[in-house]
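Structural characterization, general
The chain contents come next:
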Amino acid sequence: MTRPPEFHAAKWNEPVVMELGRPGGRGQHFPAPEDEIRSAVGIDLIPGEMARTDRPDLPEITEFEAQRHYLHLSQMTLGMMGVSLFGTCTMKYNSKTAEFATLRPELAAVHPYQHPDTLQGVLQIIHDMDGMLRSLSGMDQFIFQAGGGANAAYTMACVARAYWADKGMLGQRTEMVTSVQAHPCNPATAAAAGFKVVNLPLEENGYPSLDALRAAVSGNTALIMINNPDDMGIYNPEIKEWVRIAKEAGALCFYDHANFNGVMGKLSARELGFDACMFMLHKTFGAPKAGGGPAVGAFGCSDELAAYLPTPVVVKAGDRYALDEDRPKSMGKIREYWGNVPQVVKAYAWTRAMGADGIELGADISVVSNNYMDKRLAEIPGLAISNPDVSARRMEMTRWSLGPIAEETGIGTVDFANRMADYGIDPWWMSHEPWIVAEPFTPEPGELWSKEDIDLWIDVVAKICEEARSDPEMVKSAPHNQAIAQVKGDAFEDPAKWAMTWRAWKRKQEAADQGKRGAA
Amino acid sequence: MPAEALTFGLVVNPIAGLGGAVGLKGTDGPGTVAEALDRGAVPRAGERVRRAFARLADRAPGTLVRAAPGKLAAGWLEGLDLDVRSLAPIEVSGTARDTRVAAQALTGCDLVVFGGGDGTARDVTASLGPGRAVLGIPCGVKMHSGAFAISPEAAGALLSDLVTSPDRIGWDDGAEIMDIDEAALRSGRIAPQLFGHARVPVSRKRMQASKGGPSTLAADALAGAARELVEGMSQGTLYVIGPGTSTGAVLTAMGATPSMLGIDAVRDGRVVARDATAEELEALAGGAPVRIVLGVTGRQGFLLGRGNQQITPSLIARAGPEGLIVMASEDKLATLAQPRLWVDTGDPELDQALSGYLRVKTGRGRETMMRVGAS
């Protein structure tokens, strides 16, 4: 066993930035423009009706103090550079080279309202990324408008709605069929688009049965939305038959490629029969995710559905790239413009750097790494794999359970997640709802982390198992080496205790004070 | 101990679980106890209760426990680092009466812990009255009720959390108290029945980091499903509403109070029968169309033939497979022992006809396909 890291986060108990500084504090002191400049450019550059009359509520601190404050805040995080085997999210290193590419003025200083003749370089990258995703999926057209995976699932639901409305059958095709283990965004977005949701349970093999699918689909089925493998890590080998049955009932078939990493370059959604699919560029394709930046759900579909895509679609006409807005059957827009373009550029850089062979090798490494993890985790007393009767090897991630050790010690998956942070390890991903196995956790090593990193992660889990037996109170009250001790979940359920902005916080505080005065 | 701490009461059914080890499927009734002892059964309930309280003593030493006297509780806690206050001695009969008498004496406690099985759960909750907080330490043969911790150690951990970190604990106000007719079980038929609901402490699933989001509350989802069902009710059709909290949501959605343990019936927006018998339901149906709203028993997944035998094969046949409306939360379906639902109507041909797949309503505009089999 490797020695667990000794770690302690910095702890800066300082106020929020709005409470720092003093009246008159400022970052830069700019001189007033000279008369010559004033007379050349005029003094009323901002039209009167647009100029604000009050002063903005900004913190009055020096540039140095602002830098120091944000340095302190960054020191209190794990920095997204640790061993983060956060299953279902496919954590990857986000290359600085790609980051710098997006900071170039050819991208950073352009606007989507510019004339397309002045945007040819950016449009080419989008067009070429579309081409590479077509190669990986067999689809005929990709768009990048969706701001994330759920947004791309919603694109599918809206495309299906437009498709059935165009056929005059929306009144009949009212249902979306999915698996209980599909990402919750599939039923949620279908419901948001007005479809009824029909879930299929996992049966003995660890995935829904063909019988259940046959019973579920009918002339009322508008579409099916499915991922494979799902979060248990089990690949459904009957997927082709699935699609055949659904299509026989006339349904559209959508492949949610959230768990693409283990099958990258190994299969084609179109060859399996799907009409559409979705890739998450911020996960699988090496662009940053979550706190690292905005996301992109790349949505691709067959020619038959392409007519209903949101506009604009980037097209190549001759040797020029253009924005096609003239698509009369389009479902409209999912988001503004053509997507989070810097993210597309970063994914483009990742895809070009990996190459077709590299992408396939990445899939192999991620599956091998996960199977190595499965073997070592199975040797730790107190852990249990999901679907223990399924002998097929798991793909790029596996749903595990702390059920046995929780039963023995009362220490569960939330406690483990808290304690991991004490070793500088990012807390693990547990499971989407509903929890099918007790006290779940779902590691995914991907192709990034070395064997040493993976061993370290497993050793920390083993160590916490020991601690759960020898000193449960300590585990229960973790984290102890972090900037902030355990966060009480109750606070999230009481809107009076949190706010997303300083203005909202002040408003809530004022309301609370008035309430107190009213009560008095 | 802080002043606001809960007071725990404890009662043990010392003979719980006796029948299991010797194949008797339960220990209800003095005859069975004698037979179990004859077959060499060794009582283990007390020892299991001690394991739970050893965990409590370890993690929250000095906790106050009001305990029934002797073998009914206090005797099993000797030597543990707890502040055990034994109740006055009671006359021990060796029957369920002991549990009931002791539970009544513990009425003043905030949480009554019991060691036993489903029979003990029934006795304790019946003595305490509705809505009272209980926690079962699993010691019995049959444990279908939702009041049990998953192990003695887990029960001890829950209790210590209640003392030291109460924010880790949530409360389930609708834990089902179930019991099985043991005579039927011994003849090979599982027939659990719902006897009421209790308030039970549960480990709270605290908010997950970054992408979990709040889960849909089962009760809210079922309320939505019930409202959708009520909105779509056909004029003149008799809706027979089976027992349980899930189906109870239908009457609640109509502004009425469900009888919960019995069968209710509604027609044209009105409750036309409460806690009805099979004959009453048949008579009400008359020549009109019938639809039957059913819940699912926890863990086992029974639809028909468990606690709703008033719904007769002839009524079910009239409703037909299309006329069965099943309601359950997604959590309940996810935690079934097998991903199956079962029917046992008493008519094998009907059971066969009902087999296949069926849609369970889990929320408004939300269903789960479930495989149905004949038990």
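Residues numbered from 1 in each chain as written. Chains lettered and ligands numbered in written order. Predicted model: local features only at pLDDT ≥ 70, side-chain atom pairs only at ≥ 80, totals over all residues. Heavy atoms only, no water.

Concerning the environment of Ala 317 of chain B
Mapped onto the fold, Ala 317 of chain B is located in helix α11 (residues 313–319). As a C-alpha pair, Ala 317 of chain B and Leu 354 of chain B span 37 residues in sequence and 9.4 Å in three-dimensional space. (Helix = DSSP H or I, 4+ residues; strand = E, 2+ residues; numbered from the N terminus.)

A closer look at the side chain of Gln 482 of chain A
Residues and elements named next belong to chain A. By the secondary structure assignment, Gln 482 is in the loop between α15 (472–476) and α16 (490–493). Here Gln 482 falls in the buried class, since its relative accessible area comes to 13%. Among the polar contacts made by the side chain of Gln 482, one reaches the main-chain carbonyl oxygen of Ala 421 at a distance of 3.0 Å. Beyond its immediate sequence surroundings of up to four residues, Gln 482 is in contact with Phe 7, His 8, Ala 9, Met 76, Leu 78, Ala 421 and Asp 422. (Buried < 20%, exposed > 50% of the residue type's maximum accessible area, 1.4 Å probe, protein only. Polar contact = N/O pair within 3.5 Å; in protein donor to acceptor, adjacent residues only side chain to side chain. Contact = heavy atoms within 4.5 Å.)

Section: the interface of chain A and chain B
Frequently, the measure chosen for interface size is the accessible area removed from exposure when the parts meet. In this complex, chain A contributes 43 residues to the contact, which on the side of chain B involves 37 residues. When the two sides are added together, the surface that chain A and chain B hide from each other amounts to roughly 3,500 Å², 49% of it contributed by carbon and sulfur. Considering only the surface of chain A that becomes buried against chain B, Asn 199, Glu 407 and Lys 476 of chain A emerge as the three largest contributors, covering 15% of it. Across the contact surface, chain A and chain B share six salt bridges. Along the contact surface separating chain A from chain B lie 16 residue pairs in polar contact (both at pLDDT 80 or more). The set of elements that each furnish at least two residues to the side of chain A that touches chain B consists of β3 (196–200), α8 (210–216), α12 (403–409), α13 (413–420), α15 and α16 of chain A. A per-element tally of the side of chain A that touches chain B places β3 of chain A first, with five residues. Class assignment of the residues belonging to the side of chain A that touches chain B gives a composition of 19 nonpolar, nine polar and 15 charged. Alignment of β3 of chain A against strand β16 (residues 366–374) of chain B, held across three bridges, turns out to be parallel. Among the inter-strand pairings, Val 197 of chain A is bridged to a residue of β16 of chain B, identified as Arg 366 of chain B. (Buried area = accessible area lost by both parts, 1.4 Å probe. Salt bridge = Lys/Arg side-chain N within 4 Å of Asp/Glu carboxyl O. Nonpolar A, V, L, I, M, F, W, Y, C, P; charged D, E, K, R; others polar. Pairing = 2+ DSSP bridges.)

Here we look at the packing of aromatic side chains
All names here are of chain A. Taken as a whole, this structure holds 15 aromatic pairs over all chains when the rule is applied. For the pair Phe 254 and Phe 299, a centre-to-centre distance of 6.2 Å together with 25° between the ring planes defines the contact as stacked. Here the residue Phe 254 occupies a position in strand β5 (residues 252–256), and Phe 299 occupies one in strand β7 (residues 297–301), the gap between them amounting to 45 residues. Taking relative accessible area as the criterion, Phe 254 reaches 0% and is therefore assigned buried. Taken together, a centroid distance of 6.4 Å and an interplanar angle of 15° make the contact between Phe 260 and Phe 285 stacked. Taken together, the positions of Phe 260 in the loop between β5 and β6 (276–280) and Phe 285 in the loop between β6 and β7 put the pair 25 residues apart, joining distant regions of the chain. Looking at Phe 260, the relative accessible area reads 0%, which means it is buried. (Phe/Tyr/Trp six-rings, centres within 6.5 Å; stacked < 30°, edge-to-face > 60°.)

Quick notes on the pairing of strand β11 (residues 290–294) of chain B
Residue and element names in this part refer to chain B. For β11, the buried fraction is high: four of the five residues fall into the buried class. With four bridges connecting them, strand β8 (residues 238–241) and β11 associate as parallel partners. Paired with Val 240 across the two strands is Ile 292, which belongs to β11. Of the pairings in the sheet, the one linking β11 to strand β13 (residues 324–327) comprises three bridges and is parallel in character. Counted as the bridge partner of Leu 294 is Val 326 from β13.

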